Amino acid sequence: MAKVKETLNPFEIAREQIDRAGKKLNLDSGLLEVLKSPRRELTVHFPVKMDNGRVKVFTGFRVQYNDAIGPFKGGIRYHWNVSLDEVRALSCWMTWKCAVMGIPYGGAKGGVICNPKEMSKDELERMTRRYASEISIIIGPEKDIPAPDVYTDSQTMAWIMDTISMNKGFAQPGVVTGKPLVIGGSLGRDEATSRGMMYATREAGKKVKLTLKGASVAVQGFGNVGSHYARLMHDEQGSKIVAVSDSKGGIYSEKGFDPKEVLAFKEKTGSVVGFPGTREITNEALMELEVDIVAPCALEGILTSENAPRIKGKIVAEGANGPTTPEADDIMHKRGILVIPDILANGGGVTVSYFEWVQNLSEFFWTKKEVDDKLEGIMVSAFNRVWEMRETKKVDMRQAAYMVAIARVVEAYKWRGIFP
Ligand code: GLU
């Protein structure tokens, strides 16, 4: 990657984003400091028996950022680059995400420093169960509800649900979301982030006069979020998927391809690279393609002051959390690119997590259509709230989303007061 001038520390970026919106909202400096600080941070170092008989110590985190509006909520990430500052940033973004979507949660996030690609399923299970035990002192259906994130999935959630339930002595489905259906998962949760992104992209398309039918789309990251997004844009909107990528590289075809076939290919070979009829491109080049929609769906620090001047998409839909630096935001805003910020664009995931939790607490399950219809309603209203803020305050979409979210959390503080 070329040299970048600005900070790529995600928590510094998260704090700057709050400052920017706080200034526009004329927030009191004391309150601003509250919003810029995580409420509770748990770091755990714990042993796991590896398959070779040796014991390895892992480090994990759970940061509970803010619960002014409701219980803490947010995913758990397994990645070799997890750090406390990354988890802090992700928990901070969860706070604004839940607030901008208008769902009754605060924000949290967890992470374990590990390389899941080099671990066996048994090792992952033992690590997950021990990590779940370590954080069990602060999580629970009424306190803090984890969910999947990068390199964790419904299997991970099932192990956590079982670990917590075994210690309680009875099943506790509401302790995590993103579970398999048979133990209390919700229909539509697996594709929810991407379906929500599709609705947000459709609404953005109306604003910039871009018809999604036939629009060209490049998707960086072909994991849970990117692969479902590519499929839904292709199958339900008739868009042309011209490029997708994973950690091994990307593929491009001007004619476009069916992302379902690419997924089947990736499941067989381990990567999208080499899919017949496409040429190989790098992850960096994918972002700069001449396309209508660019969707970064992997990790942070993808759009910086270095490449923002070369982005050609009309719409950037952030499936990833924190892919864009504040400097890149300014550059793209000046260049007339509509960025749908992460806390809005990928808010469909936590929204259906909320539906799952409600279904668990009420022990009554909804049809897929009910889930999708309610998700669509929430995505469209959240998009319009942010758009209206953008129009009235003449700010970019990220600042508008932060202003909507922060104003909501501030209102909660106004009612609750500062304890004692
Ligand atoms: N990890 C997802 C996110 O970043 C989902 C969180 C949740 O469902 O709690 O939004």
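For the structure itself, consult the block above.
Report on the accompanying structure. (Residues numbered from 1 in each chain as written. Predicted model: local features only at pLDDT ≥ 70, side-chain atom pairs only at ≥ 80, totals over all residues. Heavy atoms only, no water.)

1. Some points on the site of the ligand
In plain terms, the rule: By convention in this text, a residue qualifies as near a molecule or strand provided that one of its non-hydrogen atoms is within 4 Å of it. Polar contact criterion, stated in full: a pair of N or O atoms within 3.5 Å, where within protein one must be able to donate a hydrogen and the other to accept it, and residues adjacent in sequence count only if both atoms are side-chain atoms. We get accessible surface area from the Shrake-Rupley algorithm with a probe of 1.4 Å; when it comes to residues, only the shown protein chains can shield them. Put simply, DSSP H or I for four residues or longer makes a helix, DSSP E for two residues or longer makes a strand, and each gets a number counted from the N terminus. For this classification, the nonpolar set comprises Ala, Val, Leu, Ile, Met, Phe, Trp, Tyr, Cys and Pro, the charged set comprises Asp, Glu, Lys and Arg, and every other residue, Gly included, is treated as polar.
Around the ligand lies a shell of 14 residues, among which Lys73, Lys97, Pro148, Asp149 and Ser353 are the nearest. One of the side-chain N or O atoms of arginine 189 is found 3.1 Å from an oxygen atom in the ligand. Taken by itself the ligand offers 290 Å² of open surface, and the protein chains cover 95% of this. The set of elements that each furnish at least two residues to the shell around the ligand consists of strand E3 (72-79), helix H3 (84-101), strand E5 (144-148) and helix H12 (348-362). Here the residues of the shell around the ligand are counted per class, giving four nonpolar, five polar and five charged.

2. Topic: the side chain of aspartate 246
What counts is decided by this rule: In this analysis, two residues are considered to be in contact whenever any of their non-hydrogen atoms come within 4.5 Å of each other.
Residue placement: aspartate 246 occurs in strand E7 (residues 240-246). In this structure the side chain of aspartate 246 is engaged in a polar contact, spanning 3.0 Å, whose partner is the side chain of serine 271. Contact partners of aspartate 246, with chain neighbours within four places excluded, come to Lys266, Gly270, Ser271, Val272 and Asn283.

3. Notes on the sheet that holds E5
Our working rule: Strand pairing is assigned whenever DSSP detects at least two bridges linking the two strands. All axes here are fitted lines through C-alpha atoms, helices being fitted over the stretch that makes contact, and every angle between N-to-C directions spans 0 to 180 degrees.
One open sheet holds the five strands; their spatial order is E1-E2-E4-E3-E5, and the pairing between them is mixed. Each edge of the open sheet is held by one strand with a lone partner, namely strand E1 (40-49) and E5. With direction set aside, neighbouring strand axes in the sheet form an average angle of 25°. Across the face of the sheet, H3 comes into contact with E1, strand E2 (55-66), E3 and strand E4 (107-113) while running at roughly 155° to E4. In this fold helix H4 (residues 121-135) packs onto E1, E2, E3 and E4, with an angle of close to 140° to the strand it touches most, E1.

4. A few points about unusual backbone geometry
Quick note on the threshold: Note on exposure labels: buried denotes an accessible area under 20% of the residue type's maximum, exposed denotes more than 50%, and partly exposed covers the range between, all computed with a 1.4 Å probe on protein chains only.
Of note, the amide linkage connecting phenylalanine 419 to proline 420 takes the cis form, showing an omega dihedral of 5°. With respect to the element layout, proline 420 can be found in the segment after helix H14 (397-416). Backbone geometry places asparagine 26, a non-glycine residue, at a positive phi of 55°. Turning to its location among the elements, asparagine 26 is positioned in the loop between helix H1 (10-24) and helix H2 (29-35). Relative accessible area serves as the criterion here: at 69%, asparagine 26 is assigned to the exposed category. Residues other than glycine seldom take positive phi values, yet lysine 209 does so here, at roughly 60°. On the secondary structure map, lysine 209 appears in the loop between helix H6 (192-208) and strand E6 (216-220). Classification of lysine 209 by relative accessible area gives exposed; the value is 73%.

5. Observations regarding the environment of alanine 218
As for its position among the elements, alanine 218 is in strand E6. By relative accessible area, alanine 218 is classed as buried at 0%. A sequence separation of 78 residues divides alanine 218 from proline 296, and the C-alpha atoms of the two residues are 8.4 Å apart. Apart from residues lying up to four places away in sequence, alanine 218 is in contact with Ala243, Leu286, Leu289, Val291, Ile293, Val294 and Ala295.

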